[in-house]
Amino acid sequence: MTETSKTGKRAQHRSTTRLIDIVFPGDTNHHGTLFGGTGLALMDRVAFIAATRFGRAPFVTASCERIDFRQPARIGHVIEFSAKPVKAGRRSLTVEVEMVAETIVGRERNTCTRGVFHMVAVPEGEHAAHYALPALLPEEPPETSDVVAMVEIVFPDQANSVGRMFGGDAIAYMTKAAFVAASRYCGQMVVLASSERIDFTRAIEIGEIVEAEARVERVGKSSMSIQTKLWSENLMTGEKHITATGHFTMVAVDRDHRPVPVRDGASAVGALFDKGWE
């Protein structure tokens, strides 16, 4: 959200951007913990997304500081990176990033590291000489939500010959969001049982942000139906479009991959149904 200050300069709230991923074996060292370099790369990526959303201009990373790894993230952990702008100059922006690791069973959360990234806007075009970042307003109170929202950027290796994101990669990202939503809901390991019809309404271009939103819609004895939406967002203009929608059925399982009852009670499910999702 933007508004105009008394000086006529644009102003914008310091909203938080979240990137969520899962630690797979290929991302870890021989101890089964996430490579530090991979964690740093993801921290820099979410800092870039947060900066670009704030300034709506191309950004580069100038430096990073105060990055200390306190806890490891292990294979199978959900890792969540949150980034928010904390200081804005004319073209420089300071972004704070936090990385949290979360166990699927039991939902134990530990802060792995925090860091500060200094980003610099490099505007292009005829108005580049007059570009300045918006003034930074205090962060708005976060809204309580049962929706899992996670962002990513589309890179060339995820696109076809005409520069548009592969449908399979888009579905994989939606499935990942559904997995996180279901596992957080029940606090257990879940597996994908089926997917209903997935409708694509718009192509996603290289360099756009994709944001997957997933929420638990219905709950059975051991299964959960997850409604998922995929948005695409133009980095420079902020224009967003619904790109795809779908439903995924996830099943809670034990260590032997046998279905087990979902732990949460019907009252929590009813609260989700009452809210609806426009």
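Everything discussed here concerns the structure shown above.
Residues numbered from 1 in each chain as written. Predicted model: local features only at pLDDT ≥ 70, side-chain atom pairs only at ≥ 80, totals over all residues. Heavy atoms only, no water.

Peer 1: Which parts of the structure should I look at to understand the overall build of the protein?
Peer 2: Within the protein, the secondary structure is distributed over three helices and 14 strands. Here the protein holds 278 residues, and 44% of them are scored as buried. Sequence separation of 24 or more characterises 74% of the internal contacts of the protein that already satisfy a separation of 6 or more. With an accessible surface of roughly 14200 Å², the protein has 51% of that area assigned to carbon and sulfur atoms. (Helix = DSSP H or I, 4+ residues; strand = E, 2+ residues; numbered from the N terminus. Buried < 20%, exposed > 50% of the residue type's maximum accessible area, 1.4 Å probe, protein only. Contact = heavy atoms within 4.5 Å. Areas by Shrake-Rupley, 256 points an atom, 1.4 Å probe, with all protein chains shown as cover.)

Peer 1: Quick question: what am I supposed to make of the packing of aromatic side chains here?
Peer 2: Two descriptors summarise a pair of aromatic rings, namely the distance from one centre to the other and the angle between the planes of the rings. Inspection of the entire model under this criterion finds zero aromatic pairs. Lying across the ring of W231, K240 places its NZ or CZ 5.1 Å from the centre. (Phe/Tyr/Trp six-rings, centres within 6.5 Å; stacked < 30°, edge-to-face > 60°. Lys NZ or Arg CZ within 6 Å of the ring centre and 35° of its normal.)

Peer 1: Explain the nonpolar core to me, please; I cannot follow it from the model alone.
Peer 2: Buried together is how nonpolar side chains tend to be arranged in soluble globular proteins. The biggest cluster of nonpolar side chains holds 35 residues, and the ones touching the most others in it are M224, I226, L230 and M250. Of all the secondary structure elements, the ones that give two or more residues to this core are β3 (17-22), β9 (148-153), α2 (167-186), β12 (209-219), β13 (223-233) and β14 (240-253). Here this core gets eleven residues from one element, more than from any other, and that element is α2. With sequence-adjacent residues up to four places away left out, M224 is seen in contact with A182, Y185, C186, V190, V216, R218, V219, F248, T249, M250, A252 and V262. One finds A47, A83, V97 and I209 within the second-largest nonpolar core, a separate group that totals 32 residues. (Core = buried A, V, L, I, M, F, W, Y, C linked by side-chain atoms within 4.5 Å.)

Peer 1: Would you mind showing me how to read the side chain of Q188 here?
Peer 2: Take Q188: it is sitting in the loop between α2 and β10 (189-195). Separated by 3.5 Å, the side chain of Q188 and the backbone oxygen of P261 make a polar contact. (Polar contact = N/O pair within 3.5 Å; in protein donor to acceptor, adjacent residues only side chain to side chain.)

Peer 1: Explanation requested: the sheet that holds strand β4 (residues 59-65) in the structure shown.
Peer 2: Two pairing modes exist for strands in a sheet, parallel and antiparallel, and in both the strands are linked by backbone hydrogen bonds. Across the sheet, five strands lie side by side as β3-β5-β6-β7-β4; this open sheet has antiparallel pairing. Of all strands in the sheet, those with a lone pairing partner are β3 and β4, marking the two edges. Taking the axes of each pair of neighbouring strands and ignoring which way they run, one obtains an average angle of 30° across the sheet. Direction of pairing for strand β5 (residues 78-88) relative to strand β6 (residues 92-102): antiparallel, over a ladder of ten bridges. Directly across from K84, in β6, lies its bridge partner E96. In the packing of helix α1 (residues 36-55) onto the sheet, contacts are made with β3, β4, β5, β6 and β7 (109-121), and the angle to β5 comes to roughly 45°. Relative to β3, α2 is tilted by about 90°, and along the sheet it contacts β3, β5, β6 and β7. (Pairing = 2+ DSSP bridges. Axes fitted to C-alpha atoms, helices over the stretch in contact; angles between N-to-C directions.)

Peer 1: Would you take a moment to explain the pairing of β13 for this structure?
Peer 2: When a strand is regular, its side chains alternate between the sheet's two faces. Most of β13 sits inside the fold, with nine of its eleven residues counted as buried. Linking β12 to β13, which pair antiparallel, is a turn of three residues. Bridge count between β13 and β14: eleven bridges; the pairing is antiparallel. Across the sheet, residue M224 finds its bridge partner in β14, namely M250. Between β13 and β14, which pair antiparallel one after the other, the connecting turn spans six residues, and G238 there sits at a positive phi close to 80°.

Peer 1: Before we go on, may I ask you to explain the pattern of salt bridges in this structure?
Peer 2: Oppositely charged side chains may form a pair once their charged atoms are brought near each other. Within the structure shown, the criterion is met by 20 salt bridges. The salt bridge involving R66 is made with E65; its shortest N-O contact spans 3.1 Å. D254 is the partner of R258 in a salt bridge, and the nearest nitrogen-oxygen pair spans 3.4 Å. Note on R258: relative accessible area 49%, which makes it partly exposed. (Salt bridge = Lys/Arg side-chain N within 4 Å of Asp/Glu carboxyl O.)

Peer 1: How should unusual backbone geometry be read in this particular structure?
Peer 2: Note: most residues except glycine have negative phi, and most peptide bonds are trans. Look at R107: it is not a glycine, yet its phi comes out positive at around 55°. Position of R107 among the secondary structure elements: in the loop between β6 and β7. Here H257, not a glycine, exhibits a phi torsion of approximately 65°, which is positive. Topologically, H257 is positioned in the loop between β14 and α3 (266-275).

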